[in-house]
Amino acid sequence: FPGVRFIANVENRGFPAANNQGIRVAQGRYVLLLNPDTEVLGDALETLVAYADAHPDVGVIGPQLLNSDGSVQSSRRRFPTLATAFFESTWLQPYAPRWVLRRYYVLDHKDDETVEVDWVKGAALMARRTAIEQIGLLDEGFFMYSEELDWCRRFREAGWRVVYLPAARIVHHEGKSSEQVWPARHIHFQTSKIRYFRKYAGRPIAEVLRMFILANYAWQWGLEATKWLLGHRRA
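Bear in mind that the values here come from a model prediction, so they are computed numbers and not experimental data. Going along each chain's sequence as written, the residues are numbered from 1 onward. Totals for whole chains, interfaces and linings use every residue, but because this is a predicted model, local features are given only for residues with pLDDT of at least 70 and side-chain atom pairs only at 80 or more, for both listing and counting. Hydrogens are left out, water is left out, and the side-chain values use all remaining heavy atoms of the structure.

Enquirer: I keep staring at helix α7 (residues 182-201) and nothing clicks. Help me out?
Expert: Helical geometry note: an α-helix holds 3.6 residues per turn, so side chains three or four residues apart project in the same direction. With 20 residues, α7 ought to run about 28 Å at 1.5 Å a step, and its terminal C-alpha atoms sit 28 Å apart, in line with that. R185, Q190, S192, K193, I194, Y196 and F197 are the residues of α7 that are buried. For α7, the secondary structure elements touched by its buried residues are α3 (82-87), α6 (147-157) and α8 (203-229). One or two residues past the end of α7 sits G202, with phi positive at roughly 105°. In DSSP terms, a helix is any run of H or I states spanning at least four residues, a strand is any run of E spanning at least two, and both are numbered starting from the N terminus. Here, expected helix span is obtained from the residue count minus one, scaled by 1.5 Å. For the exposure calls, accessible area comes from a 1.4 Å probe over protein chains only, and a residue counts as buried if that area is under 20% of its type's maximum, exposed if over 50%, partly exposed in between. Here, residues are in contact when the closest pair of their heavy atoms is within 4.5 Å.

As structure tokens, then:
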């Protein structure tokens, strides 16, 4: 592949910083962020480009992501509210009011429906070069998680549309890298969530959220310690 430029880092700089390296040297009119644990199906890339060419007001397009078994993976979102932050990916998620996560995961639209959304997952995300030049690169203050949420929000605030396009399909074998460091994955997810809310809702709200998440962990530690004292042993 003589057209490929390979950049080797001696350390893990995080998702935004590494992708920004690629964006800076890329020369196309579109930029594709694509995780290493993905498989592009058929003419997915051509479909994304054709749609972007036909809709010049679209700054970001996300394909339909599929799980390894072929089922549809949730990849389209609305911007999180504070209620979303307290329920999603915490021990309270099973008890969340149905409307909170239904709204967040855009479940009021069918999986095979092309729809304008607030943001799409960065595992496979195509952005317009001219839009990037207007709003800037990914925020390297995030290490992993929420960086594409922040980026799409900046695109939206600048007037660009974000679209979920299920006609383009990509398999995402989710978490194959981060599952090797499961505790770090949780920490990055939650610290990124807090950073996002600090950036857009202010420090007081972010601190309340941080204390809530720390209380979540304290509860889990206490629960696991009690189970251990009662003789429970993990596999």
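Enquirer: Can you walk me through unusual backbone geometry in this structure?
Expert: Both trends apply: most residues other than glycine have a negative phi, and most peptide bonds are in trans. The residue S89 is not glycine, and still its phi comes out positive at about 60°. Along the polypeptide, S89 turns up in the loop between α3 and α4 (98-104). At S146, a residue that is not glycine, the phi angle is positive and equals roughly 75°. With respect to the secondary-structure elements, S146 resides in the loop between α5 (129-135) and α6. Residue S146 is classed as buried on the basis of its relative accessible area, which comes to 13%.

Enquirer: Just checking my understanding: could you explain the packing of aromatic side chains for this structure?
Expert: Stacked, tilted and edge-to-face are the three classes assigned to paired rings of Phe, Tyr and Trp, where Trp is represented by its six-membered ring and a pair needs centres within 6.5 Å; plane angles under 30 degrees give stacked, over 60 edge-to-face, the rest tilted. Evaluation of the coordinates by the stated rule reveals eight aromatic pairs. Ring geometry for Y196 versus F197: centroids 5.4 Å apart, planes at 85°, classification edge-to-face. In this pair, the class of Y196 matches that of F197, namely buried. A ring pair is formed by Y217 and W221, whose centres lie 6.4 Å apart and whose planes are at 25°; its orientation type is stacked. With Y217 and W221 both in helix α8 and four residues apart, the pair spans about one turn of that helix. W221 sits in the exposed class, given a relative accessible area of 64%. Among the aromatic residues, ring-to-ring pairing joins Y104, Y105 and W119 into one connected group. Sitting above the plane of the Y164 ring, R76 keeps its charged end 4.8 Å from the centroid. Any Lys NZ or Arg CZ that is within 6 Å of a ring centre and within 35 degrees of that ring's normal is treated as a charge sitting over the ring.

Enquirer: Looking at this model, I keep getting lost on the nonpolar core. Mind explaining?
Expert: When a protein is soluble and globular, its nonpolar side chains tend to lie buried together. What makes a nonpolar core is a set of buried Ala, Val, Leu, Ile, Met, Phe, Trp, Tyr and Cys residues whose side-chain atoms join them at distances within 4.5 Å. Formed by 40 residues in total, the largest nonpolar core has its most connected members in V60, L125, W151 and F155. When sequence neighbours within four positions are dropped, the list of residues in contact with W151 reads I23, L33, L125, A127, I132, I135, G136, L137 and L138. Judged by nonpolar contacts, the second largest core, of 15 residues, contains V58, I61, L65 and M126.

Enquirer: Any chance you could explain the packing of α7 against α8 here in plain terms?
Expert: Only C-alpha atoms enter the line fits that serve as axes; for helices the fit covers just the stretch in contact. Angles between N-to-C directions range over 0 to 180 degrees. Contact geometry for α7 and α8: axes closest at 7 Å, N-to-C directions at 160°. If you check the angle between α7 and α8, you find them roughly antiparallel. Considering the relative orientation of α7 and α8, their crossing is right-handed. Mapping the contact onto sequence places H186, I187, Q190, K193, I194, F197, R198 and A201 in α7 and R203, I205, A206, E207, L209, R210, I213 and Y217 in α8. In this classification, the charged set is Asp, Glu, Lys and Arg, the nonpolar set is Ala, Val, Leu, Ile, Met, Phe, Trp, Tyr, Cys and Pro, and all remaining amino acids, among them Gly, are polar. Counted by class, the contact of α7 with α8 contains nine nonpolar, two polar and five charged residues. Each angle receives one of four descriptions, namely roughly parallel if under 35 degrees, roughly antiparallel if over 145, roughly perpendicular if within 65 to 115, and oblique otherwise. Should the near helix be turned anticlockwise from the far one by less than a right angle, the crossing is termed left-handed; should it be turned clockwise, right-handed.

Enquirer: It is not clear to me how the layout of surface pockets should be interpreted in this structure. Could you clarify?
Expert: Leftover empty space is mapped by rolling, across the atoms, a probe with the size of a water molecule. Considering only enclosed or pocket space, the second largest pocket measures out at about 630 Å³ in volume. At the level of elements, α7 and α8 are the ones that each hand at least two residues to the lining of the second largest pocket. Tallied by class, the residues present in the lining of the second largest pocket amount to eight nonpolar, seven polar and four charged. For cavity detection a 1 Å grid was placed over the protein atoms alone, and a set of points counts as a cavity when a 1.4 Å probe fits there but cannot get out; an open set counts as a pocket when protein lies on both sides within 12 Å along at least five of seven lines, with lining residues being those that have an atom within 4 Å of a point. Grid points are joined across faces, edges and corners, and a volume is the space filled by probe spheres set on the points.

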